[in-house]
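Take a look at the letters that make up each chain.
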Amino acid sequence: MKVIRQRKMKNFFFYFALISSSLVVILPLLLVFIFLLQKGGASLSLDFFLNNPKPVGETGGGMRHAILGSFYMVGLGSFVAVPLGLLCGIYLSEFGKGKIANSLRFTIDLLTGVPSIVVGIFSYLIFVVTMKSFSAMAGAFALSIIILPIITRTTEEILKLIPRHVKEAGLALGLPRWKVILFIVVKGSRSSLMTGIILAISRAAGETAPLLFTAFGSMYLSYSPTEPMASLPVQIYNYAISPYDDWQRQAWAGAFTLIIIVLGLNLFARFFFTRKTIYRAIKNKLFKKNEDRT
Amino acid sequence: MKISYSKQDRYVYTGLRFFSLVVVCLLIAIIFQLFKASKLAFDEFGLSFVLSDFWNPVEDEFGALAFIYGTVITSLLSLLLAGPVSIFVAIFINEFLPKKLASILGVFVELIAAIPSIVFGLWGLYYLAPFVKNYISPFLKKYLGFIPLFQGTSFGIGILTASLILAIMIIPTITSVCREVFRSIPNLRKEAALGLGATKYEMVKLAIINPSFSGIMGALVLGLGRALGETMAVAMVIGNNPVISTSLFSSGATMASVMANEYAEADSELHLSALCYIGLLLFVVTFIVNLFARTIVWNNSRKSRS
Amino acid sequence: MSEIALEVKNLNAYFNDFRAVKDINLTYYKNSVNAIIGPSGCGKSTYIRCLNRIHEEVEGASVSGEVILGGKNIYADNADPVEIRRHIGMVFQKPNPFPSMSIYDNVTIGPKLWGEKNKSKLDEIAESCLKKAALWDEVKDKLHQDGTSLSGGQQQRLCIARTLAINPPIILMDEPTSALDPIATVKIEDLMNEIKKEYTVIVVTHNMQQARRIADYTSFFVLGDLIEHGLTSDIFTNPKEKKTEDYISGNFG
C-alpha cells in the first residue's frame, strides 16, 4: 500500500511540475505584453508616426524616420536575400548532391547559428571598412545575411515534401526540368514558401545587433543608401538607455509598434496558409449548395 | 534560334550552382576578413588575450577573460533555469494536453521566439531589473545568503537578471527541439508502459525521458548556442562592467554585449581589432556548440527511427 | 498486321552495376493494349520507365540499346529526352495530380507550358481530354477546385486526362490501378479499352486477370528477362514456356 501511495504522490508532483512550468513560460509573455500595452500604448500618438525626432531637450517628435528606415533596410535586404535564398533552396532540394551543394549546406548551417552581433561585424568589415562610413547599405546587407539562411533552409525543407513521382509526372509531360521545378514544384508550394519568407522577414525586422554599427542610426529621415540610417530597433535601444523621460516614453511606443509589426507578420504567416484552405473549402461548399438548388 | 531543352536545363543548373557558389565564397571572404581584422590584436596579445581580465580601452590594454566569464556564467545559469521548464513544457504539450490546447500553448511558446530581443531588453531594464532588486535578490539573500553566489548588494542590473531574460529567450528553442525528439518515439512504447500498470509519471520517465536522453542533451546544447550569442537583451540588463565576481548580483559583461556597446565608438585600431578578436572567438565557439548539438540530435533521431 | 508503333531492340537497364532489364526485343503495334506481367521485382516497372527515358532520372541509372519511335532511335545521341516524352506519355502507380493546382490547370498544364496561350483552345483541350478520361461529367462544375480534392480513382483519371492533353501516340501506364479500389479499377480498365482507338497503350500490371481482361498482347517478365510475348489469349491458354505456365497457374510468383 505504501508503495502505491508513494507512486501516486510522485505522479501528483509530476503533474504539478508540468502545470507550473507551463505557467512559468506563459507568464513572462503576458507580462511583456501587459507592460507594452500600458507603457507603449499610452505613449503612442499620431505624432509618433508622423514626426521625425526633435532636437535634444524639446519634447515631442516621433519615429517616422526610424519606421521608414526599418522598412527601407528590411526591404533592401529582402530584395537580395529572398531570391538568392529561394535559388539556393531550390538548388539544394532539386540537385543537392556534390561538392558545391555540400559546401552550400555547410555554409547555410553555419550562418544559421552565427550570433546576430557577429553578422554585424561581418557587414562592418565588408561595407563600412571599405566605404569608410556607416551606411544603410551595410545595414541591409547584415539583414540579408540574417534572412538568407532561414529562407534557404525552409525552401529546401518545403520543396523536399513534393514527392518524387510528382516531379516525374511533370517530366513525363515532356517538360524540361526547369519548367517542372518552377511551374509545378515551386508554384505548388507557393503558400508554404510565402510563410517561410514572411517569417524570415519578420525575424529580420526585429534585429538590432546587426544594425548597431552598420546602419548605425540617425536622427534624420534619409533615403540615401550610402548614409547612416535610423531603424526602429536601434532607435528604441538608443532612447531606452537615454536619460530623458520623453525619449524613454518613445522607446516604449517604438517597442509597441515593433512588436505589432513583428508579431503581426508572424501570425499572418502562420495562419495565412490554413486560412486560405479554409476559405477555399467554404467557397466550395457554398458553390455546391447552389448547384444542388438549380 | 531555339535552345534545346537539355541545354536549357544545363544553363539553369549552371546558374543555380553559380549562385550557390557565390554564397559559399561570400562566407569564406567574410571569415577571411574577420581573421584579418583580428590579426592586430592577436599579434599583440596572442592567446593570453583569453587569460587576462584586464580591459582598458584608454590604455589600449585588452583581455577578454571577464567577457568570456560573463558569457559562460549567464549562459549556463539560463540553461539551468530554462532546461527543466522547457522539458516539462514539451512533455505537457506533447503527451498531456488535448490537441487544441496543445496547439495553443505551442503557438504561445513559439511567439516567445518571435519577440525581438530589444523588446525583452526594454522590459528587462524597466521591469525585471527592479523586480529582481526588490524581491528576488532579498529573498535569495535571506535564504541562501551563506553561499557566495548570493552575497553582495543587488542593483537589479547584473548577471542574475541577464540570466533570467536569457532563460526566457531560450525556452522556445529547447522546447521545440525536445518536442521533435519526443515525437519520434513510437506510441507503442508509451502504451506498453501504461499497459504494465505504470503511472503517467512512470510512463514518461521510462518511455520518453530515458530513451531520448541524448536528444534532450542536444536540445539543451542548442539552447546554449542561442544563449551564447544573444546580444541586445543582455547588453541592456547586465551593466556592461568587465569584472569577474562570484556574486550573481554583480554587474558583468558578455562577449556579445561588449561588442554591442563599444564597437561603434571604438577609435583605436587595436580596440577595434580586439573586439573583432572577441567576435571571432564567439563565432568559433557558437559554431562548435551548434555542430555538436546537431550531431547529437541527428544521431538520436537516426537511432530511434531504426 | 497493323502498323508498328514502337520497336525495342536489345534494351538493357542498369542501376549502377546491377542489370535490372536484360536484352529485351519487342515490337508494339498501333492501337493495341499491351500488358506486362511478372512477379514483383522482375524489372517490369524499370523496363517501362526506359520507354520514355524517365528511368535515367534516377540517380545511378543507365540504359543501353535502342527504342525506335517513328523510325528514330530515342536513345540516339542527338535525341532530346524532353521532346521524346511528348510523344510517349506516362501514367504512374500512385495518382499524382500536381499540388495546389486546379483540375483545369492539371489537365492543361502540359500544352500551356509548351506555349499554348489561347484560352479557348485550352478550354477545348480540357473538355475533350476530361471527356475521353470519363471524368468530365463528375468535375465539369468544379473545374477550379484543387485536383487533390478528388477521390483516388478520380485523381487517377485526372492524371490520364493530363497525359491525353499532350496527345502522345503512345501511353505508358505503370500499375495504374494498384492504389485503387475495384470499382475505380473497372473504370480505368474501360478507359484503356476506349482510348486504344486513338492511342497505343503499354501497361504494367500486378494483376494477371487484369491483363487478361484488357490486353491484346501480353509479355511475361522474370528477373529482368523477357520469358514470353504474344497474343494475350495464347499466353493465358497455351503458354509456350514452362515458367509462364507455372506463373499463370499460380505455382510460382
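Not measured: the values here are computed from a predicted model. (Residues numbered from 1 in each chain as written. Chains lettered and ligands numbered in written order. Predicted model: local features only at pLDDT ≥ 70, side-chain atom pairs only at ≥ 80, totals over all residues. Heavy atoms only, no water.)

Caption draft 1: Structural view of the overall build of chain B. When its secondary structure is counted, chain B shows eleven helices and zero strands. Mapped in sequence order, the helices and strands of chain B form the string α-α-α-α-α-α-α-α-α-α-α. When the 306 residues of chain B are sorted by exposure, 53% land in the buried category. For chain B, restricting intrachain contacts to residue pairs at least 6 apart in sequence, the fraction spanning at least 24 positions comes to 74%. By element, 68% of the accessible surface of chain B is carried by carbon and sulfur atoms, the whole surface being about 14,000 Å². Across chain B, 22 positive and 17 negative side-chain charges occur, with their mean positions spaced 19 Å apart. (Helix = DSSP H or I, 4+ residues; strand = E, 2+ residues; numbered from the N terminus. Buried < 20%, exposed > 50% of the residue type's maximum accessible area, 1.4 Å probe, protein only. Contact = heavy atoms within 4.5 Å. Areas by Shrake-Rupley, 256 points an atom, 1.4 Å probe, with all protein chains shown as cover. Lys, Arg positive; Asp, Glu negative; His and termini not counted. Charge placed at Lys NZ, Arg CZ, Asp CG, Glu CD.)

Caption draft 2: Geometry of the interface of chain A and chain B. Taken together, the contact pairs 75 residues of chain A with 70 residues of chain B. Applying the counting criterion to the chain A and chain B interface returns two salt bridges. Residue A:Arg7 pairs with B:Glu202 through a salt bridge whose shortest N-O separation is 2.7 Å. The tally of links between chain A and chain B comes to eight residue pairs in polar contact (both at pLDDT 80 or more). Those elements giving two or more residues to the side of chain A that touches chain B turn out to be helix H1 (2-43), helix H3 (64-94), helix H4 (99-113), helix H5 (116-131), helix H6 (136-160), helix H8 (177-188), helix H10 (232-240) and helix H11 (245-293) of chain A. (Salt bridge = Lys/Arg side-chain N within 4 Å of Asp/Glu carboxyl O. Polar contact = N/O pair within 3.5 Å; in protein donor to acceptor, adjacent residues only side chain to side chain.)

Caption draft 3: Expanded view of the sheet that holds strand S2 (residues 18-29) of chain C. Across the sheet, four strands lie side by side as S2-S1-S4-S5 (chain C); this open sheet has antiparallel pairing. Each of the sheet's edge strands pairs with one partner strand only, and the pair in question is S2 and strand S5 (72-73) of chain C. (Pairing = 2+ DSSP bridges.)

Caption draft 4: Broad picture of the pairing of strand S10 (residues 225-231) of chain C. All names here are of chain C. Pairing of strand S9 (residues 217-222) with S10 involves six bridges; the strand directions are antiparallel. From the neighbouring strand, Thr-218 faces S10, where its bridge partner is Gly-230. Joining the antiparallel neighbours S9 and S10 is a turn of two residues, in which Leu-223 adopts a positive phi near 50°.

Caption draft 5: Geometry of the environment of C:Glu245. With respect to the element layout, C:Glu245 can be found in helix H10 (residues 242-248). Distance from C:Glu245 to C:Ile235, taken between C-alpha atoms, is 8.4 Å for residues ten residues apart in sequence.

Caption draft 6: H5(A), seen in detail. Residues and elements named next belong to chain A. Here H5 is 16 residues long and its end C-alpha atoms lie 22 Å apart, about the 22 Å a rise of 1.5 Å per residue gives. At Tyr-124, H5 shows its strongest bend, of approximately 40°. With twelve of its 16 residues buried, H5 lies for the most part within the structure. For H5, the complete set of buried residues consists of Ser-116, Ile-117, Val-118, Val-119, Gly-120, Ile-121, Phe-122, Ser-123, Tyr-124, Leu-125, Phe-127 and Val-128. (Expected span 1.5 Å × (residues − 1). Bend = angle between axes of the 7 residues up to and from the residue.)

Caption draft 7: Structural detail: the sheet that holds strand S3 (residues 33-37) of chain C. Residues and elements named next belong to chain C. With respect to topology, six strands assemble into an open sheet ordered S6-S7-S8-S3-S9-S10, the strand pairing being mixed. Both outer strands of the open sheet, strand S6 (88-91) and S10, are each paired with one neighbouring strand and no more. Ignoring strand direction, the axes of neighbouring strands in this sheet form an average angle of 15°. In terms of strand pairing, strand S7 (residues 170-174) meets strand S8 (residues 200-204) through five bridges, oriented parallel. From the neighbouring strand, Ile-170 faces S8, where its bridge partner is Thr-200. Where helix H6 (residues 152-164) meets the sheet, it contacts S6 and S7, and its direction lies at approximately 170° from that of S6. Contacts between helix H7 (residues 182-195) and the sheet are confined to S3, S7 and S8, with S7 contributing the most and set at about 160° to the helix. (Axes fitted to C-alpha atoms, helices over the stretch in contact; angles between N-to-C directions.)

Caption draft 8: Inspection of the pattern of salt bridges at higher detail. For the structure shown, the criterion picks out 31 salt bridges over all chains. Where A:Arg177 meets C:Glu57, a salt bridge forms, and the shortest distance between an N and an O atom there is 2.5 Å. With A:Arg177 in helix H8 and C:Glu57 in the loop between helix H1 (44-50) and strand S4 (61-69), this pair bridges two chains. For C:Glu56, the salt bridge identified is with C:Arg53, shortest N-O distance 3.0 Å. Owing to a relative accessible area of 26%, C:Glu56 belongs among the partly exposed residues under this scheme. Taking relative accessible area as the criterion, C:Arg53 reaches 11% and is therefore assigned buried. Taken together, the salt bridges that share partners define one network made up of A:Arg105, A:Glu156 and A:Lys160.

Caption draft 9: Structural detail: a nonpolar patch on the surface. Residues A:Met9, A:Phe12, A:Phe13 and A:Phe16 make up a contiguous nonpolar surface patch of about 470 Å² in total accessible area. Examined against the element boundaries, A:Phe16 turns out to sit in helix H1. (Patch = residues over 30% accessible without salt bridge, like charges linked within 9 Å, V, L, I, M, F, W, Y side chains within 5 Å.)

Caption draft 10: Seen up close, unusual backbone geometry. All names here are of chain C. The phi dihedral of Asn-31 is positive, around 55°, even though this residue is not glycine. Mapping Asn-31 onto the fold places it in the loop between S2 and S3. Taking the relative accessible area as the measure of exposure, Asn-31 reaches 40% and is therefore partly exposed. A positive phi angle, near 50°, is found at Ser-100, a position not held by glycine. Among the secondary structure elements, Ser-100 is positioned in the loop between S6 and helix H3 (103-114). For Ser-100, a relative accessible area of 27% corresponds to the partly exposed category.

Caption draft 11: Quick peek at the domain arrangement of chain A. Here chain A is partitioned into domain 1 (2-34) and domain 2 (49-53 + 61-293). Taken over C-alpha atoms, the centre of domain 1 of chain A sits 37 Å from the centre of domain 2 of chain A. (Domains from an automatic or database assignment.)

Caption draft 12: A look at the packing of aromatic side chains. This model, assessed by the stated rule, comprises 34 aromatic pairs over all chains. Judged by centre distance (5.0 Å) and plane angle (80°), the rings of A:Tyr244 and A:Trp247 are edge-to-face. Taking the relative accessible area as the measure of exposure, A:Trp247 reaches 13% and is therefore buried. Each member of the aromatic cluster is reached from another via a ring pair, and the members are B:Phe42, B:Phe45, B:Phe49, B:Trp55, B:Phe62, B:Phe67 and B:Tyr277. Sitting above the plane of the B:Phe96 ring, B:Lys200 keeps its charged end 4.5 Å from the centroid. (Phe/Tyr/Trp six-rings, centres within 6.5 Å; stacked < 30°, edge-to-face > 60°. Lys NZ or Arg CZ within 6 Å of the ring centre and 35° of its normal.)

Caption draft 13: A look at the nonpolar core. Grouped together as the largest cluster of nonpolar side chains are 225 residues, with contacts concentrated most on B:Phe120, C:Tyr47 and C:Leu51. When residues in this core are grouped by element, the largest group, 15 residues, is from helix H5 (residues 159-183) of chain B. In this structure, B:Phe120 is in contact with A:Val32, B:Ile112, B:Ile115, B:Ile165, B:Ile168, B:Met169 and B:Ala233, ignoring residues within four places of it in sequence. Listed in part, the 44 residues of the second largest apolar core include C:Leu143, C:Ile171, C:Tyr199 and C:Val203. (Core = buried A, V, L, I, M, F, W, Y, C linked by side-chain atoms within 4.5 Å.)

Caption draft 14: Broad picture of H6(C). Residue and element names in this part refer to chain C. Helix length check: H6 (13 residues) gives 18 Å between terminal C-alpha atoms against 18 Å at 1.5 Å per residue, within 8%. The buried fraction of H6 is high, at twelve of 13 residues. All buried positions along H6 are accounted for by Gly-153, Gln-154, Gln-155, Gln-156, Arg-157, Leu-158, Cys-159, Ile-160, Ala-161, Arg-162, Thr-163 and Leu-164.

Caption draft 15: Representation of the packing of H3(C) against helix H4 (residues 119-132) of chain C in the model. Residue and element names in this part refer to chain C. Where H3 meets H4, the axes come as close as 9 Å, and the angle between the chain directions of the two elements is 115°. As H3 packs across H4, the resulting crossing turns out to be right-handed. Here H3 contributes Ile-103, Tyr-104, Val-107, Thr-108, Pro-111 and Lys-112 to the contact with H4, which in turn contributes Lys-119, Leu-122, Asp-123, Ile-125, Ala-126, Cys-129 and Leu-130. Here the contact of H3 with H4 is built from residues that sort into nine nonpolar, one polar and three charged. (Left-handed = near helix turned anticlockwise from the far one by under 90°. Nonpolar A, V, L, I, M, F, W, Y, C, P; charged D, E, K, R; others polar.)

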